[in-house]
Every structure is written in structure tokens, then in C-alpha cells.
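Residue-level structure breakdown
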Amino acid sequence: MRRVTPVAARRTGALEVSVQHGGLSAETVGGDLAVRGGHSGVRASDVVGRAEVETSFGGVHLERVGGEVRAKAQHGEVEAEDVSGPLVAEATHGRIRLARVDGTVEASAESGEVEASGLAAGAKLRARGGDVSVDGFAGRLDVEVERGSARLSPRAPLAAELTVSVTHGEASLGAPEGSRFDLEAQSRRGEARADVAGLAVSETGGEPGRGHRLLGRLGGGGPAVRLRADGDVVVEAAPALPIADRPTAKPARAEARPAEAAPTPTPAPPAEQPATR
């Protein structure tokens, strides 16, 4: 049996690696990181630049990235936290888990779920064969789920457009205090209901189990919030909170080695004086 040794890198500059049937662990990368892997897991932390990682039959795990992230795992999961730039993630037969991303997000999971928190600049999230759950977000959000459900908790007052489409599942949304929006909620085979103080319901249609529809306005109206699902669609009041429990952590930088002191020259001995007669 061939023994496979994982690749490890620590305190490097920009790094580009191709690894097969092993794995990569990288810490404190002082530039961009590019990895192409097969049958390999990839772990990297404290990347000062951008990170572009693609692998198969292994997961991608990234922490504290200062630039853009593009991560793809076939038959593996993608996890990323504390990302200062935008992020694009794709996983097949594995989940996507994101925490504290300052840039825009695009995430798609095939046969897996998408779990995210602390998304600061909007997102497009897709899942087939798994749920989408978001705890804390700001900016425009677009969610599409097939054979799963969507659970969204903005934490901060809703102030941007929100669109959710769910087939073979349910949709739920928390409406934090101070939110202002126009609501359109529709359940194809379940019930659409809203339990939010101050929501002015302008129209209802159908009946539970047969195309139930609800239109309303909160706080005088604002961005459109559209929720559609085969199962129940529920909007509930929620307290207003920060979208993340802590700020996004920045990557640590490698400390520069102190310069070696130049050797002190040895003084030359004094010249011998001639004897006086």
C-alpha cells in the first residue's frame, strides 16, 4: 500500500499547490492561495490575499481570509469563516457552512444544506436536497430550495429586497423590530400566516391547503419581501440584534524576522613606534 503524506505549509508568501490523494494544510499565507486537489481535503487559515480552492472527495475549510474566496468541493463540504471579501462556494454531496462574510455571497449545494450566519452584504443561496438556514444577514437575499425548507432570521431590521422560493418544503422568516417592507406570502399546499405587530394585511386569498395567499405592509411599506413555498409560509416577530456575535476576524500576518546585527569590526592594533636613540 502506498503511503500518502499530506502537504503542510506555514508562514509562506503567495502559494500555488496541486495535490492528489493526500491533503493540504496551510497557515499564515502572506499573499494569494491557489489549490487544485483530487481525493484531498484542504485546510487554510490566515490568508492575506484571495483564496481559490477546488478539490474532490475531500472538504474545503477556510478561516480568516483577507480577500475574495472561491471554493468548490465535489463529494465534499465547504466551510468558510471570517472572510473580508466576496465569496463563491459550490458543493456536491456535502454541505456549505459560512460564518461572518463581509462581501457578497453566492453559494450552491447539491445534495446538501446551506447554513450561514453573519452575511453583511447580501447573498444568493441555492440548495437541492437540503435546507437553507441563515442567522443574521443584511442586504438583498435570494433563496431557492428544492426538496428542503428555508429558515431565515435577519437579526437586523429588514431593509432590502428578499425573495424565497421553496419546493417540497416550508419557509419561515423572522421580522426584527424596526423592519419596513411590503409582504407577499404564498403557500401552494399549506398555510400562509404572519404574526407581526403592526403588519397591515391588505389582501388574503385561497384557503389553507389550496393556494393560500397573504399580502401586507409593515412600517408603512418598503422593499418587497416575497415568500413562496409548497408547505407553510410563516412570518413571525423577532427582536433586533447585531447580524453577527462578533466582528469579522482579520488574517494574522507572519512576523518579519529581525535583521541580524552586523559584526562589530575588531579595532586594529596601534602601529609600533620606532625606538628613540
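In this convention, every chain numbers its residues from 1, walking through the sequence in written order. Where totals are concerned, whole chains, interfaces and linings use all residues; where local detail is concerned, this predicted model gives features only for residues with pLDDT of at least 70, and gives and counts side-chain atom pairs only at 80 or more. With hydrogens and water stripped out, all remaining heavy atoms of the structure feed into the side-chain values.

As a further point, take the overall build of the protein chain. Each helix corresponds to a stretch of at least 4 residues labelled H or I by DSSP, and each strand to a stretch of at least 2 residues labelled E; elements are numbered beginning at the N terminus. A count of helices and strands for the protein chain gives zero helices and 25 strands. Between buried and exposed lies partly exposed: a residue is buried under 20% and exposed over 50% of the maximum accessible area for its type, with that area taken using a 1.4 Å probe on protein chains only. Within the protein chain, buried positions represent 42% of all 277 residues. Residue contacts are counted whenever heavy atoms from the two residues lie within 4.5 Å of one another. Intrachain contacts of the protein chain at a sequence separation of at least 6 include 27% that bridge at least 24 residues. Per-residue and other accessible areas follow the Shrake-Rupley method at a 1.4 Å probe size, with only the shown protein chains counted as cover for residues. About 14500 Å² of surface is accessible on the protein chain, with carbon and sulfur atoms providing 47% of the total.

We now examine the sheet that holds strand β3 (residues 23–29). Any two strands are treated as partners once DSSP identifies two or more bridges connecting them. With parallel pairing, the twelve strands of this open sheet are ordered in space as β1-β3-β5-β7-β9-β11-β13-β15-β17-β19-β25-β21. In this open sheet, the two edge strands, each paired with only one partner strand, are β1 (7–12) and β21 (192–195). Each adjacent strand pair in this sheet contributes to an overall mean axis angle of 5°, direction not counted. Angular values range over 0 to 180 degrees, each being the angle between N-to-C directions of two axes fitted as lines to C-alpha atoms, with helices fitted over their stretch in contact.

Reported here for the largest pocket is a volume of approximately 160 Å³. Surrounding the largest pocket, L87, V88, T104, V105, E106, A121, G122, A123, K124, R140 and D142 form its lining. Of all the secondary structure elements, the ones that give two or more residues to the lining of the largest pocket are β10 (87–92), β12 (105–110) and β14 (123–128). With a 1 Å grid laid over protein atoms only, a set of points is called a cavity when a 1.4 Å probe fits there but cannot get out and a pocket when it is open yet has protein on both sides within 12 Å along at least five of seven lines; lining residues have an atom within 4 Å of a point. Grid points are joined across faces, edges and corners, and a volume is the space filled by probe spheres set on the points.

Before going further, it helps to spend a moment on the pairing of strand β7 (residues 60–65). Relative to β7, strand β5 (residues 41–47) runs parallel, the two being bridged by five bridges. Among the inter-strand pairings, R43 is bridged to a residue of β7, identified as H61. Pairing of β7 with strand β9 (residues 78–83), which is carried by five bridges, proceeds in the parallel orientation. Residue pairing across strands places L62 opposite A80, the latter belonging to β9.

This part covers the environment of L62. Tracing the chain through its elements places L62 in strand β7. In sequence terms L62 and A26 are 36 residues apart; their C-alpha atoms lie 9.6 Å from each other. Those residues within four positions of L62 in sequence are excluded, and the remaining contacts are A44, A51, V53, V69, E79, A80 and E81.

Our next topic: the pairing of β3. Among the seven residues in β3, five count as buried, and that is most of the element. Relative to β3, β1 runs parallel, the two sharing five bridges. Paired with T12 across the strands is V29, a residue of β3. Where β3 meets β5, six bridges bridge the pair, whose relative direction is parallel. In the sheet register, G23 faces β5, and the bridge partner there is G41.

A few words on the environment of S202. On the secondary structure map, S202 appears in strand β22 (residues 200–207). Residues S202 and L215, spaced 13 residues apart in sequence, show a C-alpha to C-alpha distance of 5.6 Å. Setting aside residues up to four positions removed in sequence, S202 forms contacts with L215 and G216.

By convention in these notes, a salt bridge is any Lys or Arg side-chain nitrogen within 4 Å of a carboxyl oxygen on Asp or Glu. Counting across every chain of the model gives 31 salt bridges. Of the charged contacts in the structure, one is a salt bridge between R50 and E68, with a shortest N-O distance of 3.3 Å. In this pair, R50 is assigned in the loop between β5 and β6 (51–56) and E68 in the loop between β7 and β8 (69–74), connecting sequence segments 18 residues apart. Taking the relative accessible area as the measure of exposure, R50 reaches 27% and is therefore partly exposed. Taken together, the shared-partner salt bridges connect E77, E79, E81, D82, R95, R97, R100, E115 and R246 into one network.

This paragraph deals with the side chain of E184. Position of E184 relative to the elements: it lies in strand β20 (residues 181–187). When its relative accessible area of 18% is taken as the criterion, E184 is described as buried. A distance of 2.8 Å separates polar atoms of two side chains, one belonging to E184 and the other to R228. Definition of a polar contact: a pair of N or O atoms within 3.5 Å, with one able to donate and the other able to accept a hydrogen when the atoms are protein atoms, and with sequence-neighbouring residues admitted only if both atoms are side-chain atoms.

Turning our attention to the side chain of D82. If you trace the backbone, D82 turns up in strand β9. Here the side chain of D82 touches A249 through a polar contact of 2.9 Å, landing on its backbone nitrogen. With sequence-adjacent residues up to four places away left out, D82 is seen in contact with R64, V65, A99, R100, R246, P247, T248 and A249.

Let us now look at unusual backbone geometry. One non-glycine residue with positive phi stands out, namely R11, at about 55°. Looking at the element boundaries, R11 is found in strand β1. With a phi close to 60°, R147 is a non-glycine residue in the positive phi region. Among the secondary structure elements, R147 is positioned in the loop between β16 (141–146) and β17 (150–153). Take R147: its relative accessible area is 44%, and that puts it in the partly exposed class.

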